[in-house]
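Chains, contacts and geometry: an overview
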Amino acid sequence: MFSSAVCLPTTILQIHPSYSSNNTNRLKTHKCKSYTDDKKLPCFSARYDISANTESPLGCSRDSEIVTQLEVSYDETSSSSDASVNNFVADSSLLGRLLQSSSSVKEVKILHAIILKCMRSSTIFIENNLISVLVKFGRLDDARNLFDHMPERNVVSWTAMLNGYIRFGLDNEAMDFFGEFVRRGLQWNSKTYVCVLSMAGRNCDFELGKQVHAGIIKGGYSNLILDSSVVSFYAQCGDLEGAFRVFDVIKRPDVVCWTTMITACSQHGRGKEALLMFLQLFSDGFDANEFTVCSILNACGEERELMFGKQLHAAIIKNRFRMDVFIGTSLVDMYAKCSEIDDARTVFDGMGKRNTVTWTSIIAGYARNGHAEEAIRLFRIMKRRKIFANNLTMVSILRACGLLRALPTGKEVHAQIIKSDLQDNIYLGSALVWLYCKCSENSAAHKVLQDMPIRDVVSWTAMISGCAHVGHEYEALEYLREMLGEGVSPNPFTYSSALKACAKLEDIERGKLIHSSVSKTPALSNVFVGSALINMYAKCGHIPEAIQIFDNMPERNLVSWKAMIVAYAKNGLCGEALKLMYRMQGEGIEVDDYTLATVLTARGEFKENMKSKSKYFLSPK
């Protein structure tokens with residue numbers, strides 16, 4: 001949301017001058033004939049208007065009055081009027097300012113008509129300003145038509161047109177236009193570099209962006225906007241180290257540059273760094289803007305930094321930051337991710353304006369925190385109010401349906417996905433596979449998986465774990481084989497699910513093959529994969545291998561301790577199990593009743609009316 005605004009100014013050729021009273025008085029005495037025949041204006045066509053209803057916030061009422069003066073009738077026989085016209089059109093800087101401050105396409109047409117009628121040949125400066133203002137109003141075809149008819153073009157002309165294509169997301173046209181610009185060997189300016197970096201960042205074209213950065217360094221270009229654009233490019237491409245290298249050499253980064261880095265850290269799982277940079281921003285004397293606050297609230301949610309998030313909320317309430325729909329949505333999401341769903345709902349209910357993202361955040365929050373019924377209820381309210389549901393909304397509601405085993409509602413959402421022609425979306429497909437597996441509808445899950453044009457590790461893992469969960473272990477391992485055949489690399493969840501299937505089947509051969517595959521990846525150090533390996537070897541009676549894995553684990557959690565203790569107990573090594581229980585308690589992990597009951601049952605010492613807690617049984621006396 002923010003990064004593109006960093007790279008791409010609203011209008012490349014924006015001018016904000018003061019107006020001379022002399023020029024104003026001169027224009028008041030000027031009369032010119034009204035000109036409204038569009039057919040005589042080659043640069044105004046009606047073919048392609050991206051935002052015909054867009055009104056510019058930059059319009060100046062004073063300039064509008066000036067343009068209105070130009071609409072009065074013009075006496076063609078008046079030589080004095082001709083002289084006034086010539087004086088007026090000779091002042092190209094004034095014309096440029098009036099064009100840039102136009103508040104509507106109509107005003108632009110009036111000024112263009114004057115230029116065509118009263119100037120024998122318009123200057124490149126005026127035509128560049130015309131292109132810029134046409135882009136501002138979304139009239140790209142008109143701008144391109146004018147560009148094509150220009151007798152002379154310079155780098156500003158090309159950059160203004162390139163900015164238009166990029167601004168409205170026409171990346172293919174922008175790339176073709178940029179290619180022609182390069183083939184002509186034109187000299188770039190700093191605004192050209194900003195435009196191309198924006199295009200490279202949005203398309204994650206890392207090679208193009210690096211070449212542009214090299215050109216900036218070689219040409220000795222440096223200003224705050226350009227440096228911020230380089231930072232944003234590396235951040236958008238996920239190269240945070242490259243972004244930090246550029247950011248660190250900026251002598252005096254402004255709040256936009258700081259926000260770019262904070263947003264990048266927040267979006268790439270480095271929330272702690274985002275929070276530290278936010279504090280550094282204030283210590284350097286800057287005030288955060290709304291974009292910064294949204295990014296920090298996102299980091300607070302990901303890092304579960306509830307107190308930090310509450311302090312920001314307090315600052316918002318005290319009007320330190322303007323409360324809008326984006327900050328409100330970020331607050332809802334932050335509280336939901338911190339499991340404070342009641343606070344999230346309070347913020348949600350108090351918002352005067354809510355959008356799709358706001359509704360999705362609260363629905364996802366309820367689903368994530370186990371309140372699936374409320375998530376579905378809100379989804380139905382959202383539909384009744386005819387609020388558009390995006391892909392993330394659908395994923396969240398499918399999650400809620402899976403948790404409740406609410407198959408009819410899930411099928412209803414599936415039908416809506418098909419009706420909206422979204423069934424090819426990889427995230428929705430994976431969520432549907434997971435839903436049907438949770439509801440024991442493996443045939444439906446299989447059909448969804450097979451119909452997906454692209455299957456990633458998430459969709460395959462949903463199928464594998466779903467089959468393993470409902471007792472279809474052979475099918476789970478077969479899906480793993482198909483997944484590997486398609487060249488998709490498993491993730492830790494895939495390995496854990498497949499190892500659980502091997503454990504249930506007591507298939508040591510396949511388990512060893514999977515272990516061999518895991519050993520070649522970083523997944524071996526994952527605590528859940530390690531626990532699944534211990535469980536698999538223990539179920540197959542291979543205790544020495546289980547012990548070796550347990551001893552080599554870089555990190556252990558309650559699941560891995562329980563897996564090893566139960567492995568000892570169920571293979572008749574109750575003494576070893578008890579020793580490991582004492583060791584577990586010594587490391588500060590509480591032994592639960594299930595683990596203790598498993599060991600005591602194996603020793604024949606379990607009593608049904610066991611009232612004491614595990615910690616008391618293990619306390620030495």
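Residues numbered from 1 in each chain as written. Predicted model: local features only at pLDDT ≥ 70, side-chain atom pairs only at ≥ 80, totals over all residues. Heavy atoms only, no water.

As annotated in an unreviewed UniProt entry, the protein chain carries the name Pentatricopeptide repeat-containing protein and comes from Nicotiana attenuata.

1. Remarks on the overall build of the protein chain
Selection criterion: By the criteria applied, helices consist of DSSP H or I runs no shorter than four residues and strands consist of E runs no shorter than two, each listed in order from the N terminus. Only protein chains enter the accessibility calculation, which uses a 1.4 Å probe; a residue is then buried when its area is under 20% of its type maximum, exposed when over 50%, and partly exposed in between. Contacts are residue-level and defined by heavy atoms, with any inter-residue pair within 4.5 Å sufficient. Note on areas: Shrake-Rupley with a 1.4 Å probe; residue coverage comes only from the protein chains shown.
Within the protein chain one finds 36 helices and zero strands. Considering the protein chain as a whole, with its 621 residues, one finds that 51% of them fall into the buried category. Sequence-distant contacts in the protein chain: of pairs separated by 6 or more residues, those separated by 24 or more amount to 66%. About 30400 Å² of surface is accessible on the protein chain, with carbon and sulfur atoms providing 51% of the total.

2. Description of the nonpolar core
Which entries qualify depends on this criterion: In this description, a nonpolar core means a group of buried Ala, Val, Leu, Ile, Met, Phe, Trp, Tyr and Cys residues linked to one another through side-chain atoms lying within 4.5 Å. Domain delimitation follows an automatic or database domain assignment.
Within the largest apolar cluster, 172 residues are counted, with the highest numbers of intra-cluster contacts made by Ile131, Ile296, Ile362, Ile514 and Met536. Looking at this core, you find at least three residues from each of domain 1 (90-187) and domain 2 (556-615). If we ignore the near neighbours within four places in the chain, the residues touching Ile362 are Val332, Ile341, Ala344, Arg345, Phe348 and Leu378.

3. A short note on the pattern of salt bridges
Put simply, the rule is: Definition used for salt bridges: Asp or Glu carboxyl oxygen within 4 Å of a side-chain nitrogen of Lys or Arg.
Tallied over the entire structure, the rule returns 16 salt bridges. Across the pair Glu207 and Lys210 runs a salt bridge, and its minimum N-O distance is 3.8 Å. In this pair, Glu207 and Lys210 are both assigned in helix α12 (residues 206-219), three residues apart and thus about one turn of the helix distant. On the basis of relative accessibility, which here comes to 34%, the residue Lys210 falls in the partly exposed class. Overlapping salt bridges bring together Arg345, Asp349, Glu374 and Arg377 as one network.

4. Some points on the environment of Gly410
With respect to the secondary-structure elements, Gly410 resides in helix α24 (residues 407-419). Gly410 sits in the buried class, given a relative accessible area of 0%. Between the alpha carbons of Gly410 and Ile397 there is a distance of 8.0 Å; along the sequence they are 13 residues apart.

5. Some points on the packing of aromatic side chains
Filter applied, for reference: Planes of paired rings set the category: under 30 degrees apart is stacked, over 60 is edge-to-face and the rest tilted, where pairs are Phe, Tyr or Trp rings (Trp by its six-membered ring) whose centres lie within 6.5 Å.
Taken as a whole and judged by the stated rule, the model has eleven aromatic pairs. On the numbers, 5.0 Å between centres and 80° between planes, the contact of Phe247 with Trp258 is edge-to-face. In this pair, Phe247 is assigned in helix α14 (residues 240-248) and Trp258 in helix α15 (residues 255-267), connecting sequence segments eleven residues apart. In this structure, Phe247 and Trp258 share a single accessibility class: buried. Pairing Phe550 with Trp561 gives two aromatic rings, centres 5.2 Å apart and planes at 80°, and the pair type is edge-to-face. A residue pair is termed long-range when its members are at least 10 positions apart, and Phe550 in helix α32 (residues 543-552) and Trp561 in helix α33 (residues 558-570) qualify at eleven residues.

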